[in-house]
Amino acid sequence: MYNEKLAIIYDEVTARNPGEVEFHQAVNEVLECLGPVLARHPEFAQHKIIRRICEPERQIIFRVPWVDDSHEVQINRGFRVEFNSALGPYKGGLRFHPSVYLGIIKFLGFEQIFKNALTGLPIGGGKGGSDFDPKGKSDGEIMRFCQSFMTELYRHIGEYTDVPAGDIGVGGREIGFMFGQYKRITNRYESGILTGKGLDWGGSLVRTEATGYGSVYFVEEMLKARGDSFDGKTAVVSGSGNVAIYTIEKIHELGGKVVACSDSGGYIYDEKGIDLSSIKLLKEIQRGRVEEYTDTHKHAKFVKGGSIWDVPCEVAMPSATENEVSGKDAKKLVENGCIAVGEGANMPTTPEGVKIFLEAKIAYGPGKAANAGGVATSALEMQQNASRDSWTFEYTDRRLHTIMRNIHKNCFETAEEYGSPGNYVVGSNIYGFLKVAHAMVAMGVI
Ligand code: NDP
């Protein structure tokens, strides 16, 4: 599908951003879909929209010094990439994980531009984080790190400029420490500067559940479009963090059975269905490892190091991290009878894997569309903060559900309109891109 002009732009992007392989992968996936769009909209080439969209508006890299429990000084690197603000203030999470470097933050920020456009809400795209590893750290160490991180970040964020949230390694505890430090430095109680806050101090009901629930709502729509449903389906969900937990919860509510989940140590298989209250206790309260699930569920088995995608299932929900589904994994899933894949994580399937899913014509929901419920509910949190209001769980969940239905509908219809029926990669990339591109043309060369 690549045309010559797009191939030139892609080569420029890789040359300008050497070594940032995840960013190249994310750009390639979008550009591959845009040939037919450029043919219909010559004005985008004239305004150099694609070249501009691939260049972040601002990239901030900073030192994060902190003192550990043994009184040793530690130094990490902090990032915030403010990618595109055509549709609203930059919006996107913060990731704390040792694998973080500029290329990861840029891939996530780039994806976020189109994902946020898909929600239909007024938010631009950005992402940030640090190579800090929260695993095994005490609460005091986490607090000191978060305070140091915010001591630099505070000058770049704001309700109308940039509104970070959580991602891998950043949940309610970390958002709390960062919000506290922002408030202390600025002497202002500005709820709208971060989302994912606690319910007593400006947070929104459903934000915790939103990414997982939203991904399941998206898959439900894909199944519905094929005259099917979750009822009685066997599912596998990778990860056991925020996204995975609420994905499992919603699948069980809709009559499916999740038989496996994982962390970076391996996966657990429970043929009776994962007991979610045990996983919640283990992960949300005790901050333990999934392996420990077998201590209380003797019939379940823990598989160290193997691929969770070897477990036969009808629905697969990759909800851990990028490139976790290889071409080999995708092939295995299809062979085992998988009919739907919904990506809770960002870019969890390698390009080879995506090709296999598309060729097999299974219902494949890319992360950009399927996991947009998290950021959409963050935008609902911003709405509540702006009006100093708080909505009920039922009302917020209904709004989330409607947003996910609309995202599905728009992706589905756009894919048809551009000659690739059933291809949600094409649908999501083109629909998201068009919204941002039109806004950029309207605003002139900035
Ligand atoms: P959490 O930190 O809560 O959980 C991450 C889970 O994935 C953990 O079980 C973790 O295991 C596992 N994991 C992380 N990195 C790896 C790795 N390299 N190899 C194997 N397993 C890994 O993060 P979230 O649930 O918030 O995020 C999961 C994914 O969803 C990410 O891709 C994120 O970008 C995406 N996402 C999150 C949103 C949100 O609202 N939170 C919104 C949209 C997308 P371990 O503990 O062993 O590291």
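Residues numbered from 1 in each chain as written. Predicted model: local features only at pLDDT ≥ 70, side-chain atom pairs only at ≥ 80, totals over all residues. Heavy atoms only, no water.

**Student:** Would you take a moment to explain the layout of surface pockets for this structure?
**Tutor:** Left-over empty space is what a probe sized like a water molecule reveals as it rolls over the atoms. Estimated volume of the second largest pocket: approximately 660 Å³. As for the second largest pocket, its lining consists of 29 residues, and the residues nearest its centre are Val354, Lys355, Leu358, Asn423 and Val425. In terms of residue count, helix H14 (residues 351-360) provides more of the lining of the second largest pocket than any other element does, five residues in total. Residue classes in the lining of the second largest pocket are distributed as 12 nonpolar, eight polar and nine charged. (1 Å grid on protein atoms, 1.4 Å probe; cavity = no way out; pocket = protein on both sides within 12 Å on 5 of 7 lines; lining within 4 Å. Points joined across faces, edges and corners; volume = space filled by probe spheres on them. Helix = DSSP H or I, 4+ residues; strand = E, 2+ residues; numbered from the N terminus. Nonpolar A, V, L, I, M, F, W, Y, C, P; charged D, E, K, R; others polar.)

**Student:** Is there a simple way to explain the pairing of strand S6 (residues 234-237) in this structure?
**Tutor:** For a regular strand, side-chain orientation follows a simple rule: the groups alternate between the two sheet faces. With three bridges joining them, S6 and strand S7 (residues 257-263) adopt parallel strand pairing. Paired with threonine 234 across the bridge in S7 is lysine 257. For the crossover from S6 across helix H10 (residues 242-253) to S7, the handedness is right-handed. Bridge count between S6 and strand S10 (residues 315-317): three bridges; the pairing is parallel. Bridge pairing links valine 236 to alanine 316 in S10. (Pairing = 2+ DSSP bridges. Right-handed = clockwise from strand over helix to strand, strands pointing away.)

**Student:** Explain the packing of aromatic side chains here, please?
**Tutor:** The geometry of an aromatic ring pair is captured by the separation of the ring centres together with the interplanar angle, meaning the angle of the planes. Under the criterion given, the structure shown has 21 aromatic pairs. Note on phenylalanine 23 and phenylalanine 110: the rings are 5.9 Å apart at their centroids and 85 degrees apart in plane angle, and the pair reads as edge-to-face. With phenylalanine 23 in helix H2 (residues 21-31) and phenylalanine 110 in helix H6 (residues 102-119), this residue pair connects regions lying 87 residues apart in the sequence. Summarising the burial analysis for this pair, phenylalanine 23 and phenylalanine 110 share the class buried. Each member of the aromatic cluster is reached from another via a ring pair, and the members are Phe62, Trp66, Phe96, Phe132, Phe145 and Phe149. (Phe/Tyr/Trp six-rings, centres within 6.5 Å; stacked < 30°, edge-to-face > 60°. Buried < 20%, exposed > 50% of the residue type's maximum accessible area, 1.4 Å probe, protein only.)

**Student:** What is the right way to look at the sheet that holds strand S2 (residues 73-84) in this model?
**Tutor:** The strands making up a sheet are joined through hydrogen bonds of the backbone, oriented either antiparallel or parallel. Taken together, the five strands give an open sheet; going across it, the order is S1-S2-S4-S3-S5, and neighbouring strands pair in mixed fashion. Whereas interior strands pair on both sides, the edge strands pair on one side only; in this sheet they are strand S1 (58-67) and strand S5 (162-165). Across the sheet, the mean angle separating the axes of adjacent strands is 20 degrees when strand polarity is ignored. The sheet contact formed by strand S3 (residues 90-96) and S5 spans four bridges and is parallel. Its bridge partner being in S5, tyrosine 90 is matched across the sheet by aspartate 162. (Axes fitted to C-alpha atoms, helices over the stretch in contact; angles between N-to-C directions.)

**Student:** Please clarify how the nonpolar core should be interpreted in this entry.
**Tutor:** Nonpolar side chains in soluble globular proteins tend to end up buried together. Leu31, Leu34, Ile50, Ile53, Phe110 and Phe433 are the most contacted members of the largest nonpolar core, which has 61 residues in total. Apart from residues no more than four positions distant in its own chain, phenylalanine 110 is found in contact with Phe23, Ala26, Val27, Val30, Ile53, Cys54 and Phe83. In terms of nonpolar packing, the next biggest core, distinct from the first, is built from 50 residues, Leu121, Ile123, Val237 and Ile403 among them. (Core = buried A, V, L, I, M, F, W, Y, C linked by side-chain atoms within 4.5 Å. Contact = heavy atoms within 4.5 Å.)

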